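Report on the structure
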Amino acid sequence: MALSMPREAALKVLVKVENEGAYLNLALEEELNAAGMGGRDSALCSRLCLGVMRNRAFLDHIISKLSTVKLKKLSVYILNILRIGIYSLRFMDKIPAGATVNECVKLARRYGHSSSAAYVNAVLRKAAEGGDYLDGLKGDELLAVKYSMPLWLVKKWQREQPDAEKLFAAMNTEPPTYCRLNAAEVPEGFEATDISPYTLIWRGAGSVSASEAYKNGLVTIQDCASQLCVLALGINGGESVLDLCAAPGGKSVFAAYLGGKVTALDLHEHRTELINANAKRLGVNLKTSVGDALVHNPEFDCRFDRVLADVPCSGLGIIRRKPDIKWTKTEEDGSELAKIQQGILENAARYVRPGGRLVYSTCTISKAENEGIVKWFLKKQPDFTAVALGIKYAPEDTQLQLRPDIHPSDGFFIAAFERST
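Scoring rules and cut-offs
- Residues numbered from 1 in each chain as written.
- Predicted model: local features only at pLDDT ≥ 70, side-chain atom pairs only at ≥ 80, totals over all residues.
- Heavy atoms only, no water.
- Axes fitted to C-alpha atoms, helices over the stretch in contact; angles between N-to-C directions.
- Helix = DSSP H or I, 4+ residues; strand = E, 2+ residues; numbered from the N terminus.
- Left-handed = near helix turned anticlockwise from the far one by under 90°.
- Contact = heavy atoms within 4.5 Å.
- Nonpolar A, V, L, I, M, F, W, Y, C, P; charged D, E, K, R; others polar.
- Buried < 20%, exposed > 50% of the residue type's maximum accessible area, 1.4 Å probe, protein only.
- Arc of directions from axis to C-beta.
- Phe/Tyr/Trp six-rings, centres within 6.5 Å; stacked < 30°, edge-to-face > 60°.
- Lys NZ or Arg CZ within 6 Å of the ring centre and 35° of its normal.
- Pairing = 2+ DSSP bridges.
- Core = buried A, V, L, I, M, F, W, Y, C linked by side-chain atoms within 4.5 Å.

Let us look at the packing of helix H1 (residues 5-20) against helix H3 (residues 39-54). Put simply, H1 and H3 touch, their axes get as near as 8 Å, and they point 35° apart. Regarding H1 and H3, the two cross each other, and that crossing is right-handed. Contacts between H1 and H3 involve Pro6, Arg7, Ala9, Ala10, Val13, Leu14 and Val17 from the first element and Asp41, Leu44, Cys45, Leu48, Cys49, Val52 and Met53 from the second. Classifying every residue of the contact of H1 with H3 by side-chain character gives 12 nonpolar, no polar and two charged.

Next comes the structure, spelled out in structure tokens:
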């Protein structure tokens, strides 16, 4: 009995993420390539993987309500077969319930045994009847299940962010695909926005990377938050620019496109090769350098008009795109990362010329990693002052927390400083 290729591939990806700690996007790409999948099968597999990961806590809550076996006693294969099945039943109404149940039973027979298949059949048939399943849940626990967020993150954002429930809801949606214009005119399939003259949204069918505009270097995939970060540097043309944590190079390439004389630094040589390839595809010139942003380089002291420190962070702002982040990060990660962020920012300050600008950014929503770092930096560096970002959403503000429920972007933080002496 033939198995559904997209569902089996999705199962393999989800198990790899859970068992081996693989990154979802990389595991998915690897499996799609290995299976030679394209078109509808590829789209279905991708949707199942991302959908299950986005809604995992909600799906597990339903399973716990319907199952006679505790979740921790289920094999990772059977648990993920149930997640795939219940996700399909709850969120994919174009697929008949009977087909979903039958395909998942086949998977259970392959990756379990006859009693596993019977168990999966029973649970999914109950799930097909529908239900609310949220009765009895209250407060933070209700929010954690409803929006499939880890409880620690629900509590954190409830403390730190206004209207946090709107943020939870937005983080559980599929994000649009933003691109950056690398040409004089907007190509077919793309729509201009008022975010910046360079910011487009993909409206075409299929993937951006398959479009002629992408292949010809007329556009590149880049979220508008990342673009705003580069625009905050205030490049007018000819400024020397240092991107301290540059790979894969989207910001470096944009800075070069705007006329900056860019040095793109990264810790690993193979990652600087990615930057060079990106620059070549998009027709810009820049210089790459291999080095550790945490290690002071005296050759860079007071050498740059603009320095970008887009630092390693907890990544909580890009949960929409990488939902596995929800299940791999802990609250303690932010405190550890703050030390790294401070170290990089101290070096970045040394590299800025008097009168030059330093931009600090993260792709997270965390007071400790964002506002807390800004406060620490201004106290530590009296020769720097906070300056207006001069970008959409913050023309006069010195820092900006982007949120997907408020702005058409990922969750991102940007702050700008100017060196006086």
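Next up on the list: helix H9 (residues 151-160). Since there are 3.6 residues in each turn of an α-helix, residues three or four apart along the chain are aligned in direction. Within the sequence span of H9, burial applies to Leu153, Val154, Lys156, Trp157 and Glu160. The arc that holds every buried residue of H9, seen down its axis, measures 165°, which confines them to one face. Elements in contact with the buried residues of H9: helix H8 (139-146), helix H10 (164-171) and helix H16 (331-351).

Once that is clear, we can look at the packing of aromatic side chains. In total, this model carries 12 aromatic pairs according to the counting rule given. Their ring planes at 85° and their centres at 5.5 Å tell us that Phe300 and Phe304 sit as a pair that is edge-to-face. Assigned by exposure class, Phe300 and Phe304 land together as buried. One aromatic cluster in this structure is built from Phe58, Tyr87 and Phe91. Cation over ring: Arg180 sits above Tyr257, and NZ or CZ is 5.3 Å from the ring centre. Just above the ring of Tyr214 sits the side chain of Arg281; from NZ or CZ to the centre is 3.9 Å.

The element strand E8 (residues 304-310) is largely enclosed, with a buried count of six among its seven residues. Examined bridge by bridge, strand E5 (residues 240-243) and E8 share three bridges and lie parallel to one another. Directly across from Val241, in E8, lies its bridge partner Arg306. The sheet contact formed by E8 and strand E9 (residues 352-362) spans six bridges and is parallel. Directly across from Phe304, in E9, lies its bridge partner Val352.

For the rest of this paragraph, the subject is the nonpolar core. Among the nonpolar cores identified, the biggest contains 48 residues, and Cys45, Ile81, Leu82 and Val120 are the most heavily contacted of them. Elements with a minimum of two residues in this core: H1, helix H2 (24-35), H3, helix H4 (56-66), helix H5 (76-91), helix H6 (97-111) and helix H7 (114-128). Take this core: its biggest share by element is eight residues, from H5. Discounting residues that sit within four places of it in the chain, Ile81 has contacts with Leu11, Cys104, Leu107, Ala108 and Val120. Judged by nonpolar contacts, the second largest core, of 37 residues, contains Leu233, Leu258, Leu400 and Ala416.

Relative to the helices and strands, Val208 is located in the loop between strand E3 (199-202) and helix H11 (212-215). A sequence separation of 50 residues divides Val208 from Leu258, and the C-alpha atoms of the two residues are 23 Å apart. Ignoring any residue separated from it by four or fewer positions in sequence, one finds Val208 in contact with Thr177, Cys179, Phe190, Trp202, Tyr214 and Ile221.

The next point concerns the sheet that holds E3. Here four strands make up an open sheet; going across it, the order is E2-E3-E1-E4 and the pairing antiparallel. Both edges of this open sheet fall to strand E2 (190-192) and strand E4 (219-221), since each of them pairs with a single strand only. Neighbouring strand axes in the sheet, compared pairwise and without regard to direction, differ in orientation by 40° on average. Taken together, the three bridges between strand E1 (residues 178-181) and E3 define a ladder with antiparallel strand orientation. If you follow Cys179 over to E3, its bridge partner there is Leu200.

Cis geometry is found at the peptide bond from Ala247 to Pro248, where omega equals 5°. The phi dihedral of Tyr133 falls on the positive side, at around 70°, and the residue is not glycine. Position of Tyr133 relative to the elements: it lies in the loop between H7 and H8. Of note in this structure, Asp163 is not a glycine but carries a positive phi near 50°. Of the residues examined, Asp163 reaches a relative accessible area of 53% and is grouped as exposed.

What follows deals with the environment of Tyr198. Examined against the element boundaries, Tyr198 turns out to sit in the loop between E2 and E3. Given a relative accessible area of 23%, Tyr198 falls into the partly exposed group. In sequence terms Tyr198 and Arg56 are 142 residues apart; their C-alpha atoms lie 36 Å from each other. Once residues lying within four places of it in the same chain are set aside, the contact partners of Tyr198 are Cys179, Arg180, Leu181, Gln227, Leu231, Phe254, Tyr257 and Leu258.

Taken by themselves, the reported measurements are silent on function.
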